[in-house]
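Spelled out, the chains give:
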Amino acid sequence: MKTTITHIKADIGSLPGHTTVHEDVVAAVKKHVKEQGEGIIWDHHISYIGDDIQITMVHGNGINASEVHKLAWDAFKSGTDIAKKLGLYGAGQDLLKDSFSGNIKGMGPGIAEMDITPRKSEPFIVFMMDKTEPGAFNYPIFRMFADPFNTPGLVIDQNMHAGFKFEIWDIVKAKSIVLEAPEEMYDIISLIGTKGRYVIKRVYTRDDHEKLPGENVAVITTDKLSFIAGEYVGKDDPAGIVRIQSGLPASGEVMEAFTHPYLVSGWMRGSFNGPLMPVGLKNSKMSRFDGPPKVAGLGFVYKDKKLNGPVDMFDDPAFDNARQKANDVADYIRRMGPFEPHRLPEEDMEYTTLPKVLEKLSGRFTELDETGKTKSKKVSTMDVD
Ligand code: F6R
Ligand code: MG
Ligand code: MG
């Protein structure tokens with residue numbers, strides 16, 4: 001049966017700043033999806049991390065189904081009404097358009113969805129990140145599906161030995177390419193190492209995969225709010241869906257990719273690098289320096305139009321060392337204050353006063369000759385770069 005998993009998320013207001021959602025807003029979103037979703041979706045789960053509310057749905061309408069997207073949009077709208085009444089910070093901030101126009105893409109919320117051929121047992125994990133960007137998924141997705149030191153199944157499971165296909169998007173130039181691992185592994189890495197531009201959108205099995213040929217097995221939100229709106233309106237905190245087991249990376253291989261708290265961008269004011277801390281839902285608040293960036297994971301099994309679970313995957317002492325290391329890295333890097341590489345390079349910052357500072361100081365810059373001596377002519381801002 002045609003089956004689609006759709007995950008849509010948005011920041012529609014939080015408290016006290018961008019720390020966490022309000023339970024009344026979550027309740028309003030839940031109520032809307034429960035009451036209005038009948039006849040549109042089969043089952044759903046609503047969750048949150050930091051200031052982002054997350055809706056996971058299963059249905060038979062295919063990807064890009066306007067009725068499914070509208071259901072999520074209207075749910076976020078009704079949550080926004082409550083957020084406004086409560087005076088929550090940034091109420092409705094990710095809903096960039098006034099009215100729904102057929103497809104939620106480009107309207108603000110992040111979306112990840114895939115059509116699947118359900119297996120006898122269809123296990124998958126939804127990962128939700130806050131205070132970072134879609135490229136934050138590049139490193140763990142690569143490790144899950146291409147790195148045998150993370151995923152030994154790539155070497156010892158006959159069904160995975162051929163490797164996987166990676167669909168990579170250039171989110172600056174709006175282009176995509178499909179590359180295959182392991183043959184093109186170095187090409188894949190040369191792109192996705194530039195994580196602010198080249199992002200893994202989907203992973204597919206090979207066409208000759210014995211159990212699940214040519215199937216989409218992972219998908220990540222790639223929405224860039226700052227590009228959509230033309231100016232900074234909030235972070236494009238990403239989410240992703242990863243199918244697991246039986247010829248795909250095992251649950252534990254997928255989770256293993258998060259045991260190293262690697263550095264991601266998007267911390268404080270969308271302008272700082274910081275370690276990605278794996279957390280259980282009870283620890284998904286963003287209190288320290290609006291972070292540190294966090295990832296939560298929900299494990300589901302899908303069967304006969306029903307979602308079983310979820311399991312709060314990082315709520316396990318096995319991730320305590322990663323959390324401790326993330327705190328140590330946070331202490332270390334925070335000592336750098338507003339200096340790079342804690343602060344992002346100028347072109348990647350969501351907030352910057354630099355153009356105004358340069359304008360103010362423009363009359364005070366003097367041009368230097370090749371020996372470092374002052375030339376007489378003052379330079380204008382246009383000459384300063
Ligand atoms: C939001 C975020 C925060 C804000 C910061 C400043 O997701 O990342 O770090 O950028 O709290 O917010 P404003 O400018 O709204 O006061
Ligand atoms: Mg957020
Ligand atoms: Mg936010």
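Keep in mind it's a predicted model, so treat the numbers as computed, not measured. (Residues numbered from 1 in each chain as written. Chains lettered and ligands numbered in written order. Predicted model: local features only at pLDDT ≥ 70, side-chain atom pairs only at ≥ 80, totals over all residues. Heavy atoms only, no water.)

## Things to note about the coordination of the magnesium ion (ligand 2)
Donor atoms from the polypeptide that bind the magnesium ion (ligand 2) are Asp51 (OD), Asp52 (OD), Asp130 (OD) and Asp237 (OD), placed at 2.0 to 2.3 Å. Site description for the magnesium ion (ligand 2): donor spacing in sequence, D-D-x77-D-x106-D. If you look at the magnesium ion (ligand 2) and the magnesium ion (ligand 3), they sit 3.3 Å from each other and are both ligated by Asp51. With Asp51 in the loop between β2 (43-49) and β3 (52-59) and Asp237 in the loop between α6 (225-229) and β10 (239-243), this pair connects stretches of sequence that are 186 residues apart. The class for Asp51 is buried, based on a relative accessible area of 2%. (Donors = N, O, S within 2.8 Å, 3.2 Å for Na, K, Ca; no water. Helix = DSSP H or I, 4+ residues; strand = E, 2+ residues; numbered from the N terminus. Buried < 20%, exposed > 50% of the residue type's maximum accessible area, 1.4 Å probe, protein only.)

## What to know about the domain arrangement of the protein chain
By the assigned domains, the protein chain splits into domain 1 (1-112) and domain 2 (117-385). Just the C-alpha atoms count here: the centres of domain 1 and domain 2 sit 22 Å apart. With 31 residues of domain 1 in contact, the opposing surface of domain 2 contributes 37 residues. Contact between domain 1 and domain 2 buries roughly 2,700 Å² in total, counting both sides, with carbon and sulfur atoms accounting for 65%. When residues of domain 1 are sorted by the area they lose upon contact with domain 2, Ile5, Ile49 and Ala112 head the list and together hold 19% of the total. Here domain 1 is connected to domain 2 by one salt bridge. For Lys131, the salt bridge is made with Asp51, and the minimal N-O distance between the two is 3.0 Å. (Domains from an automatic or database assignment. Contact = heavy atoms within 4.5 Å. Buried area = accessible area lost by both parts, 1.4 Å probe. Salt bridge = Lys/Arg side-chain N within 4 Å of Asp/Glu carboxyl O.)

## A few points about the packing of aromatic side chains
The full count for this structure, using the stated rule, is eleven aromatic pairs. Seen from their ring centres, Phe258 and Phe314 are 5.6 Å apart, and the 85 degrees between their planes marks the pair as edge-to-face. With Phe258 in the loop between α7 (251-256) and β11 (263-266) and Phe314 in the loop between β15 (306-312) and α9 (320-334), the pair connects residues that are 56 residues apart, well separated along the chain. Taking the relative accessible area as the measure of exposure, Phe258 reaches 1% and is therefore buried. In this structure Phe314 comes out as buried when scored by relative accessible area, which is 0%. Grouped by ring-pair contacts, the aromatic residues Phe127, Phe258, Phe314 and Phe319 constitute a single cluster. The ring of Trp169 is capped by Lys201, whose NZ or CZ atom sits 4.9 Å from the centre of that ring. Note that Arg334 overlies the ring of Phe289, its terminal NZ or CZ placed 3.6 Å from the centroid. (Phe/Tyr/Trp six-rings, centres within 6.5 Å; stacked < 30°, edge-to-face > 60°. Lys NZ or Arg CZ within 6 Å of the ring centre and 35° of its normal.)

## Comments concerning the site of ligand 1
Lining the immediate environment of ligand 1, one finds ten residues, of which His18, Tyr89, Arg269, Asp290 and Tyr351 sit closest. The contact in question runs from an oxygen atom of ligand 1 to an N or O atom on the side chain of Tyr89, over 2.6 Å. Asp290 places a polar side-chain atom, nitrogen or oxygen, 2.5 Å from an oxygen atom of ligand 1. Here ligand 1 has 410 Å² of accessible area as a free molecule, and 81% of this is covered by the chains. Its residues placed into classes, the shell around ligand 1 shows four nonpolar, one polar and five charged. Two domains each provide a minimum of three residues to the shell around ligand 1, namely domain 1 (1-112) and domain 2 (117-385). (Near = heavy atom within 4 Å. Polar contact = N/O pair within 3.5 Å; in protein donor to acceptor, adjacent residues only side chain to side chain. Areas by Shrake-Rupley, 256 points an atom, 1.4 Å probe, with all protein chains shown as cover. Nonpolar A, V, L, I, M, F, W, Y, C, P; charged D, E, K, R; others polar.)

## Observations concerning the nonpolar core
Counting residues in hydrophobic clusters, the biggest one holds 40 residues, and the most contacted among them are Phe127, Ile141, Phe145, Phe166 and Phe258. Broken down by secondary-structure element, the contributors of at least two residues to this core are β5 (122-130), α3 (138-146), β6 (164-170), β7 (175-181), α5 (185-192), β8 (198-205), β9 (216-220) and α7. The element best represented in this core is α3, accounting for five residues. Setting aside residues up to four positions removed in sequence, Phe127 forms contacts with Phe137, Met144, Ala239, Gly240, Val242, Val254, Met255, Phe258, Val295, Ala296, Gly297 and Phe314. In this structure, Ile46, Val68, Ala83 and Leu88 belong to the second largest nonpolar core, which totals 27 residues. (Core = buried A, V, L, I, M, F, W, Y, C linked by side-chain atoms within 4.5 Å.)

## Details of the pattern of salt bridges
According to the stated counting rule, one finds 19 salt bridges in the structure shown. In this structure, Glu35 engages Lys31 in a salt bridge whose closest nitrogen and oxygen atoms are separated by 3.5 Å. With Glu35 and Lys31 both in helix α1 (residues 23-36) and four residues apart, the pair spans about one turn of that helix. When its relative accessible area of 51% is taken as the criterion, Lys31 is described as exposed. As a salt-bridge pair, Asp130 and Lys131 come within 3.0 Å of each other at their nearest N and O atoms. Look at Lys131 and you get buried, because its relative accessible area is 5%. Several salt bridges converge on common partners, so that one network encompasses Arg119, Glu122, Glu215 and Arg243.

## Structural notes on the environment of Asp52
Mapped onto the elements, Asp52 comes out in strand β3. Judged by relative accessible area, which is 0%, Asp52 ranks as buried. When the C-alpha atoms of Asp52 and Thr19 are compared, they prove to be 9.6 Å apart, with 33 residues separating the residues in sequence. Engagement of the side chain of Asp52 in a polar contact is seen with the backbone nitrogen of Asp11, the distance being 3.5 Å.

## Focus on the environment of Lys131
By the element assignment, Lys131 lies in the loop between β5 and α3. For the pair Lys131 and Ser265, spaced 134 residues apart in sequence, the C-alpha separation works out to 8.0 Å. Residues in contact with Lys131, not counting those within four places in the same chain, are His18, Asp51, Asp237, Ser265, Gly266, Trp267, Met286, Asp290 and Pro293. Side chain to side chain, Lys131 and Asp51 meet in a polar contact 3.0 Å long. A distance of 3.0 Å separates a polar atom in the side chain of Lys131 from a polar atom in the side chain of Asp130.

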